[in-house]
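Below are the chains, spelled out letter by letter.
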Amino acid sequence: MSKSQSHKQTTQFAQHRLWDISGWIIMGIYLLVGILIYTDFGYSWDEILQRNHGIGAWQIVDDLLGTQVVEAGVREFGSPVGYGMVYSMSCFAVERMLGLSDFSSVFRLRHLMIFLLSALAALCMWRLLRRRFGSGLAIAGLLLYILHPRIFGHSFYNPKDLVLLSFISIALYTLMRSLQKPTWGNIILHAVTCSLAINARIPGLTVMLMTLAAYATILLKGHGEWKHLKARLTQILAYLVINGVLFIALSPQRLERLLQDELAVAAGARLSSQWDSQLVYFGQVYNASDMPWHYIPAWIGITTPILFILLLIVGMVVTSSHGILQIWKTRSFKKLVKGPKQLMDLVCLAMLAAVLFAIFIKDPNLYNGWRHMYFLYAPMVVLMSTGLHWICTQTTMRLKAKWASQHLILATACVLLSIGPIYKILALHPIQAVYFNSLVAADSFNRFDQDYWGVSYFPVIQKLLEQDPNSDIKIYSSFPIGKYNMQMLDAKDLARISAVSDINEADYFITIYLWDDHSKYVKNQYPLIRQNEIIRIDARDTPIAGVYKLR
């Protein structure tokens, strides 16, 4: 080896090492920031319901195993078959070990645990992208993953959708490992992480289906040896068996139903359930069960940073065109993929397309925004990274850049991708979940639901306590979640405030401008008389939460 070649290899190693160190620094900063700010976020809708589900699951375990995790005298809670219980049960177990009892401590702990799970998922996504693209571009992918403003906000209090996104991100990482090195250890690890994704929510099944499709693609490529084929089939069978066993074992309520021969009935009831509510979409009011086909794609488009969306489009086009060209050149589906890296891209594209197509043909019951589809963000980040990889490669070729200059181009891309989202995250804190990009930000108030999670009650109540020094403040909230957010206050502040059920007894009216409150605000009706508005939290000059003085 010549001195020039040796010097080049040493330089390349140093560059990759620098990127890896940068990744650990970014992860460290992300983790530190989350630990410092997790108490800033308010209580969100359904958090207490998810806690109760976990208690209900533990009660089943107590009955089956004779344990006593749930204290005697605690009323029984239902544990629906449609929700997995690993996360909820884990939170309750930690809560019991720490001896927490007051409302604020219990739910702040749960906020911290959601964030820590999200951080673990970010770490796995970074390592996945490092395997797929190398150490440099993996940093850009990590930034894409952690800097989506809405998802960043939800990663502190959403006990459903962020848990699913996290487990799917972890499962995609273990899938990449099993594709590159199909050892028994990697196959079993992937089966376990897939079962956790399925446990979180039933849509986690998409990872299992994509895994089977990926393994089938590898089998179709073939190696002409029965011994190799037999080993692969054995691994796939083991993967399915482990998934099936853990699907039941990790959900006590499913095990209970199975023992009662009612699992199929229970699952069918869950799949047919409906959410009866109304959604505001482009200024029109729709029933949740009757949304237009473009509802999810549009929400993704208007709530994701525009540069992210552009990278996603490029990544989808590049991935699909490479697959089509490969089939065209070889005239064979067996040559669809060259290796695990391209197969991973196709898996993510197929996962995204399959879910969106299923929504299109099935017309399911949809929720506010695309939060219940946040699990798609994991494959989206892979495709965004594919798009960025293509752009950087083309830029390097056209500029005829040297190897060192390629890293400069990538570093510049990382900075450009980070500036806008970081600014928005800081500007909107702690209500990042109401982020809209510039396509609709200026006129989103009357066109889309805003804080449907209710977390903006918490900062607006804090502002009220800062302004009013009285020791007996009576507040009326038209939504029960306003009262729950009061319970998130420290004991000293909580002692100064109380919720009343009659608005005529209240000193203040607090609102998050949803539904009837929004209509009253627009029409300037009592109690939303704007002259009496003493506090308002805005995002993009859009009212998110407000306090009105009544007397």
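Refer to the structure above for everything that follows.
The rules behind these values
Residues numbered from 1 in each chain as written. Predicted model: local features only at pLDDT ≥ 70, side-chain atom pairs only at ≥ 80, totals over all residues. Heavy atoms only, no water. Helix = DSSP H or I, 4+ residues; strand = E, 2+ residues; numbered from the N terminus. Buried < 20%, exposed > 50% of the residue type's maximum accessible area, 1.4 Å probe, protein only. Contact = heavy atoms within 4.5 Å. Areas by Shrake-Rupley, 256 points an atom, 1.4 Å probe, with all protein chains shown as cover. Pairing = 2+ DSSP bridges. Axes fitted to C-alpha atoms, helices over the stretch in contact; angles between N-to-C directions. Parallel < 35°, antiparallel > 145°, perpendicular 65-115°, else oblique. Nonpolar A, V, L, I, M, F, W, Y, C, P; charged D, E, K, R; others polar. Expected span 1.5 Å × (residues − 1). Salt bridge = Lys/Arg side-chain N within 4 Å of Asp/Glu carboxyl O.

Attention now goes to the overall build of the protein. Helix and strand counts for the protein come out as 21 helices and seven strands. Every one of the 551 residues in the protein was classed for burial, and the buried ones make up 53%. Contacts spanning at least 24 positions in sequence make up 76% of the contacts within the protein whose residues lie at least 6 apart. Accessible surface, the protein as shown: approximately 25,000 Å² in total, 62% of it carbon and sulfur.

What follows concerns unusual backbone geometry. Residue proline 430 follows histidine 429 across a cis peptide bond; omega there is 5°. Counting through the fold element by element, proline 430 comes out in the loop between helix 17 (403–428) and helix 18 (457–467). Positioned with a positive phi, aspartate 46 is a non-glycine residue whose angle comes to about 80°. Structurally, aspartate 46 is set in the loop between helix 1 (3–37) and helix 2 (47–65). Of the residues examined, aspartate 46 reaches a relative accessible area of 24% and is grouped as partly exposed. Despite not being glycine, asparagine 524 shows a phi value in the positive range, around 60°. Checked against the element boundaries, asparagine 524 lands in the loop between helix 21 (515–523) and strand 6 (533–539).

Looking now at the pairing of strand 5 (residues 508–511). Residues Tyr508 and Ile510 line one face of strand 5 and the alternating positions Phe509 and Thr511 line the opposite face, and both faces are buried. Sheet topology note: the strand 3 (residues 473–477)/strand 5 ladder contains three bridges and is parallel. Along strand 5, the bridge assignment pairs isoleucine 475 with tyrosine 508.

In this section: the pairing of strand 7 (residues 542–549). Most of strand 7 is tucked away, with seven of its eight residues classed as buried. In this structure, strand 5 lies alongside strand 7, joined through four bridges in antiparallel fashion. Residue pairing for strand 7: phenylalanine 509 is matched across the bridge by tyrosine 548. Inspection of the sheet shows strand 6 paired to strand 7 by six bridges, in the antiparallel sense. Among the inter-strand pairings, aspartate 538 is bridged to a residue of strand 7, identified as proline 543.

On to the packing of helix 2 against helix 4 (residues 103–133). At a minimum axis separation of 12 Å, helix 2 and helix 4 run at an interaxial angle of 85°. In this view, helix 2 runs roughly perpendicular relative to helix 4, as classed from their interaxial angle. Every residue of helix 4 that contacts helix 2 at Glu47, Ile48, Gln50 and Arg51 is listed here: Phe103, Val106, Phe107, Arg110 and His111. Class assignment for the residues of the contact of helix 2 with helix 4 results in four nonpolar, two polar and three charged.

With that settled, the discussion passes to helix 3 (residues 86–98). A rise of 1.5 Å per residue sets the reference length of helix 3, with its 13 residues, at 18 Å; its end C-alpha atoms lie 18 Å apart and thus fit the reference within 8%. Every buried residue of helix 3 is accounted for by Val86, Tyr87, Ser88, Met89, Cys91, Phe92 and Glu95. Just downstream of helix 3 lies glycine 99, where phi reads positive at about 70°.

The subject of this paragraph is the pattern of salt bridges. Enumeration over the complete set of coordinates arrives at 11 salt bridges. Here aspartate 46 makes a salt bridge to lysine 160, at a shortest N to O gap of 2.7 Å. Highlighted residues: aspartate 46 in the loop between helix 1 and helix 2 and lysine 160 in the loop between helix 6 (149–154) and helix 7 (161–180), separated in sequence by 114 residues. A relative accessible area of 7% places lysine 160 in the buried class. Where aspartate 345 meets arginine 132, a salt bridge forms, and the shortest distance between an N and an O atom there is 2.6 Å.

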